[in-house]
Amino acid sequence: MIQIPKTTFKLLHQNASPNQNPGTKISFQYGTAGFRYKHTLLPHVFVKMGILAALRSYSQQGQTVGLMCTASHNLEDDNGIKMADPDGGMLNSDIWEQYAVSLANAISVEDVHLVLQEIISKEFASIPNTNQRFQMKVHFGRDTRSHSAHLISLAIAAADSLNDVTHPTFRQSVQIIDHGIVTTPQLHYFVMHANSHLLPNAIPFHYHIHGYFDAICHSYLSLLNTKTTQGDQSSLQRPKQRIWIVDCACGVGSYQIQTLEKKLNQLTHSLAAQFKVVNAVNDGPLNDKCGAEYVQKQQKPPILYSEGLHQKRIITSNSRLQSELDRFEKISFLKCSLDGDADRIVFHYQTNDSQSSFHLLDGDKIAVLVANFVQKELTHLMKVLDKDEESDLRCGVVQTAYANGASTDYLKVCFISLISISHVMLRISIFVFCEY
Amino acid sequence: MCIAKTGVKFVHAAAHSNYDVGIYFEANGHGTILFGSKFYRLLSKAENQLILNQSKSLSFSVSHENNRAIVAFQRLRALPSLVNQAVGDAICDLLLVDSILCLQDWDLQRWDALYQDRPSRQLKLTIKDRKFLQIRKFSYFNSYISYLTFMILCLH
């Protein structure tokens, strides 16, 4: 039997489940977004998830896993934690999700101990009692919420406390990599690239912020480089300078967009766009009347909290001035909104014709734009290639039932690959759909 | 195209297992492109063949086609490391959209004109305890769709 170290116990004692209070009965559930609750309910969950993540890494033969502290597009008061599996995706095991739920709902420290013993006996019985040992590796990241730093420190301390385990086969070290404030997708990216043997496309040693920006900036510029070589007719004129006004929902995206802007400035490229942040951290309340969730659900432009910014004048000034700027200064202003942890983006613009002047370009529009582009380029490439098995590429789009029917119709008409489609959507003219 | 159960995990899995180049974006703006090993094999095959083609003396139209294929190759090669293949990533997707718009000399209006959205509205309802929810489910292919008529009644 593996003894849980004293340090771990101490953390569990210090961060008791709120269900220990008489009259409180919260049932903690692990959803697609992990655990997501009011931040005051979460300290014990973070301690438990810190332990669980280390065990998950061990059960995966020492591959890296990740823990991200964020409540994404929720308001400031909420927080959450979710685990990333070695492939960089979400935790992909019903059994381990169940472990997480059992741990979170264990009330006393003794209950936690029992659940941990159960996990260890189930998961590690099959691991041979040999000299082969795995180092447990856990990457940590958090968003900009005021309570995130404290919460993630609990998970880190809990994972770290397993270093004190004394057991012949389970005497392992836990490697902790704390990335600090990062976006959710960045943390997933780091985990994926830390296990670079798993994927054909992973870039070894890119599991940190510099590697991330190196990879995406260089790919971005090499993609833009193809514009001149193609000899587009428009390239005879000097192309318009594009300035993106990026609404960052007053969240972590603002730091990362600023880093992106800096990095692109260093690389100086005539075709690269400029990225200006509005709604940065501390400009206003997180995700409140700004950011992708608000803009997409309400179909309204975000409130601009940033004061005294040059671009504010430009955005809020009337569209006529903007179109004049467009014409004479060869600048186009483009707007988009990220959500609080920068895993979603929607685009929008306004025209100056009365009521319905706000136009939203949501995920469906992005899918169509990207599918269009990829399909066109693949067609051009395939033209000159010999036909064989390799050139029979399966290329397609996946949509959920949330997708706007018009985008589904467009893709059906214009896109090559159609595997299956739900006919339910086609027969019913008004569609009510619910996710719970 | 296929329609998956909602929840990014299922969409991601569907894109991964069904396609060598799988594109997914949820309406809420979360999405990415996934590339399978066959795509990478195609790229390396294409590279060899394009070099070979260039060394041949080709007629004008064929060489024009070949040049365009080289551009396509360069573009497709840049994509896998531009997007975040682990999960949807707003920063990567912003760069992806910007470069596609730039390469085609499109603005947001031109892009928006690809098709016109049907009217829709999304609402979020807070309920005291989700256990009280009784939902009639039915599945159709791999979709997972639920009607919630009583919720609509609640609204009125």
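Structure shown above.
Everything numeric here is computed off the predicted structure, so don't read it as measured data.

Draft legend 1. Highlighting the overall build of chain B. Looking only at helices and strands, chain B features six helices and five strands. The N-to-C order of helical and strand elements in chain B reads β-α-β-β-α-α-α-α-β-β-α. The buried share of chain B, reckoned over its 156 residues, is 41%.

Draft legend 2. Structural view of the sheet that holds strand E4 (residues 136-142) of chain A. Residue and element names in this part refer to chain A. If you walk across this open sheet you meet the five strands as E1-E3-E2-E4-E5, and the pairing is mixed. Each having just a single partner strand, strand E1 (35-38) and strand E5 (174-181) make up the two edges of the open sheet. Mean inter-strand twist for the sheet, computed between neighbouring axes without regard to direction, equals 15°.

Draft legend 3. The arrangement of the sheet that holds strand E6 (residues 241-247) of chain A in detail. Residue and element names in this part refer to chain A. Pairing is mixed across the open sheet formed by five strands, whose spatial order is E7-E6-E8-E9-E10. In the strand order of this sheet, the two ends are held by strand E7 (274-278) and strand E10 (358-361), each with one partner. Between one strand axis and the next, the sheet turns through 30° on average, direction left out of account. Both strand E8 (residues 331-338) and strand E9 (residues 345-350) contribute to a ladder of four bridges, which runs antiparallel. Looking at the pairing, Leu338 lines up with Ile345 of E9.

Draft legend 4. View of the environment of Leu260 of chain A. Within the secondary structure, Leu260 of chain A sits in helix H8 (residues 253-267). Sequence spacing of Leu260 of chain A and Gln274 of chain A is 14 residues, and the spatial spacing of their C-alpha atoms is 9.5 Å. Setting aside its immediate chain neighbours within four residues, Leu260 of chain A contacts Phe213 and Phe275 of chain A together with Ile91 of chain B.

Draft legend 5. Representation of the environment of Ser121 of chain A. Residue and element names in this part refer to chain A. As for its position among the elements, Ser121 is in helix H4 (residues 109-124). We classify Ser121 as exposed; it has 11 C-beta atoms within 10 Å. Each C-alpha atom, one on Ser121 and one on Ile2, is 9.3 Å from the other, the two residues being 119 residues apart in sequence.

Draft legend 6. Structural view of the packing of helix H12 (residues 363-383) of chain A against helix H4 (residues 90-104) of chain B. Following both chains from N to C, one finds H12 of chain A and H4 of chain B inclined at 55°, their axes separated by 11 Å at the closest point. One element, H12 of chain A, and the other, H4 of chain B, form an angle in the oblique class. As for the relative orientation of H12 of chain A and H4 of chain B, their crossing is left-handed in sense. Counted together, Ile366, Leu369, Val370 and Phe373 of chain A of H12 of chain A and Asp93, Leu96, Val97 and Ile100 of chain B of H4 of chain B form the full contact between these two elements. Residue classes in the contact of H12 of chain A with H4 of chain B are distributed as seven nonpolar, no polar and one charged.

Parameters and conventions
Residues numbered from 1 in each chain as written. Chains lettered and ligands numbered in written order. Predicted model: local features only at pLDDT ≥ 70, side-chain atom pairs only at ≥ 80, totals over all residues. Helix = DSSP H or I, 4+ residues; strand = E, 2+ residues; numbered from the N terminus. Buried ≥ 20, exposed ≤ 12 C-beta atoms within 10 Å, placed from the backbone. Pairing = 2+ DSSP bridges. Axes fitted to C-alpha atoms, helices over the stretch in contact; angles between N-to-C directions. Contact = placed C-beta atoms within 7 Å. Parallel < 35°, antiparallel > 145°, perpendicular 65-115°, else oblique. Left-handed = near helix turned anticlockwise from the far one by under 90°. Nonpolar A, V, L, I, M, F, W, Y, C, P; charged D, E, K, R; others polar.

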